[in-house]
Amino acid sequence: MAVRCVGTLLRRVWRAWQPGTAALSYCTEITSGRIQVNGVDLHYQRTGSGEHAVLLLPGALGSSQTDFGPQLKLLDKKAFTVIGWDPRGYGRSIPPARDYPEDFFSRDATDAVNLMQALHFKRFSLLGWSDGGITALVAAGSYPLLINKLIVWGANAYVTEEDLALYNAVKDVSKWSPGMRKPLEDLYGINYLTSTFSTWVDAMTNIFQKFDVSICTTSSWLQLFE
């Protein structure tokens, strides 16, 4: 497995973000589907038909469309087969309602890998941001033979007191800016958004307290994956 923050895959991602970049007219249609994985129906989007399969992993409360709309539209459709997914309890993968057991990053990692296997990809790359980046790191560590390349950003290996202060400062979603709040309100409704984000903050606090700040760096945390 190659972990590259600067390499062929990242360069292609970067080019796809540049203003004026034209999407290739090769299998450009974005299709949607649902498939049962580990007892839940997971929603996913798919585009392109390249040999290199890539899974896009959104952040907390995110979905494939809200977090990766430009990538689904603009990534090289000839080079990649791109899959965007909504983790359980997020986006269109509701029901079930989202919850946060102690092993939720491991559970998301297993769901993500099993989703790709259910779609018949034997080996694939992961591109994740925020909580999706953490999930990607856990997936790569837990299933190294299945992961081709890995790009993550905005992800945590551990939680600090400063992180918790920031999380609690924005725990009340009514204090968010309208531009930040409205897309998630439109997706979830205010009650689901409020309760789910508050529970997420509590879950990160639990990681800080119970696992001595570690998300995926210590043996006590890694025991949850066994």
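Residues numbered from 1 in each chain as written. Predicted model: local features only at pLDDT ≥ 70, side-chain atom pairs only at ≥ 80, totals over all residues. Heavy atoms only, no water.

In the annotation of an unreviewed UniProt entry, the entry for the protein chain reads AB hydrolase-1 domain-containing protein, and the organism field reads Engystomops pustulosus.

A. A look at the packing of helix 3 (residues 104-118) against helix 4 (residues 131-142). Close contact between helix 3 and helix 4 brings their axes to 8 Å; oriented N to C, the two are set at 75°. As the angle between them shows, helix 3 and helix 4 are arranged roughly perpendicular. Two secondary-structure elements touch here, helix 3 through F104, F105, S106, D108, A109 and V113 and helix 4 through D131, I134, T135, V138 and A139. Broken down by class, the residue content of the contact of helix 3 with helix 4 amounts to 7 nonpolar, 2 polar and 2 charged. (Axes fitted to C-alpha atoms, helices over the stretch in contact; angles between N-to-C directions. Helix = DSSP H or I, 4+ residues; strand = E, 2+ residues; numbered from the N terminus. Parallel < 35°, antiparallel > 145°, perpendicular 65-115°, else oblique. Contact = heavy atoms within 4.5 Å. Nonpolar A, V, L, I, M, F, W, Y, C, P; charged D, E, K, R; others polar.)

B. Spatial organisation of the environment of F105. Structurally, F105 can be placed in helix 3. Taking relative accessible area as the criterion, F105 reaches 1% and is therefore assigned buried. Separated by 27 residues in sequence, F105 and G132 have C-alpha atoms that sit 8.8 Å apart. (Buried < 20%, exposed > 50% of the residue type's maximum accessible area, 1.4 Å probe, protein only.)

C. Up close: the layout of surface pockets. In this structure, the largest pocket spans a volume of roughly 480 Å³. Surrounding the largest pocket, 20 residues form its lining, A60, W129, S130, M180 and L184 being those nearest its centre. Put simply, the parts of the chain that give the lining of the largest pocket at least two residues each are helix 2 (64-74), helix 4, helix 6 (178-188) and helix 7 (190-210). Among the elements that line the lining of the largest pocket, the one with the most residues is helix 6, at 3 residues. In terms of residue class, the lining of the largest pocket is built from 12 nonpolar, 6 polar and 2 charged. (1 Å grid on protein atoms, 1.4 Å probe; cavity = no way out; pocket = protein on both sides within 12 Å on 5 of 7 lines; lining within 4 Å. Points joined across faces, edges and corners; volume = space filled by probe spheres on them.)

D. Fine view of the packing of aromatic side chains. One pass over the structure, following the stated rule, counts 7 aromatic pairs. Centroid distance Y188 to Y192: 5.3 Å. Interplanar angle 20°. Geometry classified as stacked. Both residues of the pair, Y188 and Y192, belong to the buried class. Geometrically, the ring pair formed by F197 and W200 is stacked, given 5.5 Å between the ring centres and 20° between the ring planes. Within this pair, F197 and its partner W200 are both found in helix 7, separated by 3 residues, close to a single helical turn. Connected via pairs of aromatic rings, a cluster forms that spans Y167, W176, F197 and W200. Lying across the ring of Y90, R98 places its NZ or CZ 4.4 Å from the centre. (Phe/Tyr/Trp six-rings, centres within 6.5 Å; stacked < 30°, edge-to-face > 60°. Lys NZ or Arg CZ within 6 Å of the ring centre and 35° of its normal.)

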